[in-house]
Amino acid sequence: KEIEKLNCVIRYPKDFEEGKKYPVIMFFHGAGGRGDDINVLKDNPYFKITDMHDDFPFITVAPQCNAETWFDLFEKMKNLIENIYEKDFTDKKRFYAMGASMGGYATWQIAISMPKYFAAIVPICGGGMYWDAARLKNVPVWAFHGAKDSCVFLEESQKMVDAVNYNNGCAKLTVYPENEHNSWSDTYANPEVFAWLLTNENKNEKALLN
């Protein structure tokens, strides 16, 4: 497994204790974070904004895409997720994915590929393979998109959410009426998003063996 070839930023809660289990967010950045300079990822709005939340309880694991797209690294992403899922600090019942733009597409696709791992996902201004959305019927989804987004059209999120719900899943979409492509800053700043994540616990057999 080539996990070491994916550079990551790992952010721990302020009160982190060895031996204790924490909810984990796998965070996937957008196209602007690509490359080999990890400082670019450390400056991502996700970290800057969530650092301002009181008592942010999550461990965040954010790999850096050193290729053209996340899809070029998909096997490495899957290996990384398996690795983090088995860490001593991971609460397997509260393992989540979140990402924006290119990372929004990655969030949809990694959950479709590995649905049993995730208790819930938050894809932001992304899209995906809606014909595979039945695989997400047991993964709650809260998607976000700007109505005026001309980079990734709103219908990309809408198609995914509609397809999940058509297949008896549980997906909702929040549309920011005045936002263009940046629908992530408002999302990261909203404590209700992270409170919602924590209301979702994975009930599959693998997670219950935590």
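Keep in mind that what you see is a predicted model, and the values were worked out from it rather than measured. (Residues numbered from 1 in each chain as written. Predicted model: local features only at pLDDT ≥ 70, side-chain atom pairs only at ≥ 80, totals over all residues. Heavy atoms only, no water.)

Asker: Tell me what's going on with the overall build of the chain, and back it up with residues and numbers.
Answerer: Secondary structure assignment for the chain yields 8 helices and 7 strands. For the chain, whose C-alpha radius of gyration is 16 Å, the value lies close to the compact-globule estimate of 17 Å for 210 residues. Structurally, the chain occupies a C-alpha span of about 45 × 40 × 35 Å along its principal axes. Taking all 210 residues of the chain together, the buried fraction comes to 51%. Partitioning the intrachain contacts of the chain with sequence separation of at least 6 by distance along the chain shows that 75% fall at a separation of at least 24. (Helix = DSSP H or I, 4+ residues; strand = E, 2+ residues; numbered from the N terminus. Rg over C-alpha atoms; globule rule 2.2 N^0.38 Å. Buried < 20%, exposed > 50% of the residue type's maximum accessible area, 1.4 Å probe, protein only. Contact = heavy atoms within 4.5 Å.)

Asker: Outline the packing of aromatic side chains, supporting the account with residue identities and numerical values.
Answerer: On inspection of all chains with the given rule, the structure shows 21 aromatic pairs. An angle of 35 degrees between the planes, with centres 4.9 Å apart, marks the rings of tryptophan 142 and phenylalanine 144 as tilted. Judged by its relative accessible area of 1%, phenylalanine 144 is buried. The ring of tyrosine 85 carries the charged tip of lysine 92 above its face, separated from the ring centre by 5.5 Å. (Phe/Tyr/Trp six-rings, centres within 6.5 Å; stacked < 30°, edge-to-face > 60°. Lys NZ or Arg CZ within 6 Å of the ring centre and 35° of its normal.)

Asker: I'd love a proper account of the pattern of salt bridges, names of residues and values included.
Answerer: In the structure shown here, the tally under the stated rule is 7 salt bridges. For glutamate 75, the salt bridge is made with lysine 78, and the minimal N-O distance between the two is 3.6 Å. Taken together, the positions of glutamate 75 and lysine 78, both in helix 3 (residues 74-85) and 3 residues apart, correspond to about one turn of that helix. One continuous salt-bridge network, built from bridges that share partners, spans Asp91, Lys93 and Arg94. (Salt bridge = Lys/Arg side-chain N within 4 Å of Asp/Glu carboxyl O.)

Asker: Describe in detail the sheet that holds strand 6 (residues 141-146), supporting the description with residues and values.
Answerer: Read across the sheet, 7 strands follow the order 1-3-2-4-5-6-7 without closing on themselves; strand pairing throughout is mixed. Both edges of this open sheet fall to strand 1 (8-11) and strand 7 (171-176), since each of them pairs with a single strand only. For this sheet the average axis-to-axis angle between neighbouring strands, irrespective of direction, equals 15 degrees. Both strand 2 (residues 22-28) and strand 3 (residues 59-63) contribute to a ladder of 3 bridges, which runs parallel. Each bridged residue has a counterpart across the sheet, and for valine 24 the counterpart in strand 3 is isoleucine 59. (Pairing = 2+ DSSP bridges. Axes fitted to C-alpha atoms, helices over the stretch in contact; angles between N-to-C directions.)

Asker: For unusual backbone geometry, give the residues involved together with the corresponding values.
Answerer: Glycine aside, negative phi is the norm for most residues, and most peptide bonds take the trans geometry. Of note in this structure, aspartate 55 is not a glycine but carries a positive phi near 50 degrees. Tracing the sequence through the fold places aspartate 55 in the loop between helix 2 (45-50) and strand 3. Positive phi, close to 65 degrees, is recorded for asparagine 168, a residue that is not glycine. Its location among the elements puts asparagine 168 in the loop between helix 5 (154-166) and strand 7. Overall, the relative accessible area of 69% leaves asparagine 168 in the exposed class.

Asker: Pulling in residues and values, what's your account of helix 5?
Answerer: Taking 1.5 Å of rise per residue, 13 residues should cover 18 Å, and helix 5 covers 18 Å from first to last C-alpha, within 8% of that figure. Those residues of helix 5 that fall on the buried side of the exposure criterion are Ser157, Met160, Val161, Ala163 and Val164. End-on, the buried residues of helix 5 take up no more than an arc of 160 degrees, which puts them together on one face. Residues of helix 5 that are buried in the fold lie against helix 4 (102-113), strand 6 and strand 7. Looking one or two residues beyond helix 5, the residue adopting positive phi is asparagine 168, at roughly 65 degrees. (Expected span 1.5 Å × (residues − 1). Arc of directions from axis to C-beta.)

Asker: Tell me what's going on with the layout of surface pockets, and back it up with residues and numbers.
Answerer: Of the volumes computed, that of the largest pocket is approximately 250 Å³. In terms of lining residues, the largest pocket is bounded by 16 residues, among which Pro115, Asn138, Val139, Asn202 and Asn204 are the most central. In terms of residue class, the lining of the largest pocket is made up of 7 nonpolar, 4 polar and 5 charged. As for the second largest pocket, its lining consists of 13 residues, and the residues nearest its centre are Gly30, Gly32, Asn44, Pro45 and Trp184. Residues that form the lining of the second largest pocket fall into these classes: 7 nonpolar, 6 polar and no charged. (1 Å grid on protein atoms, 1.4 Å probe; cavity = no way out; pocket = protein on both sides within 12 Å on 5 of 7 lines; lining within 4 Å. Points joined across faces, edges and corners; volume = space filled by probe spheres on them. Nonpolar A, V, L, I, M, F, W, Y, C, P; charged D, E, K, R; others polar.)

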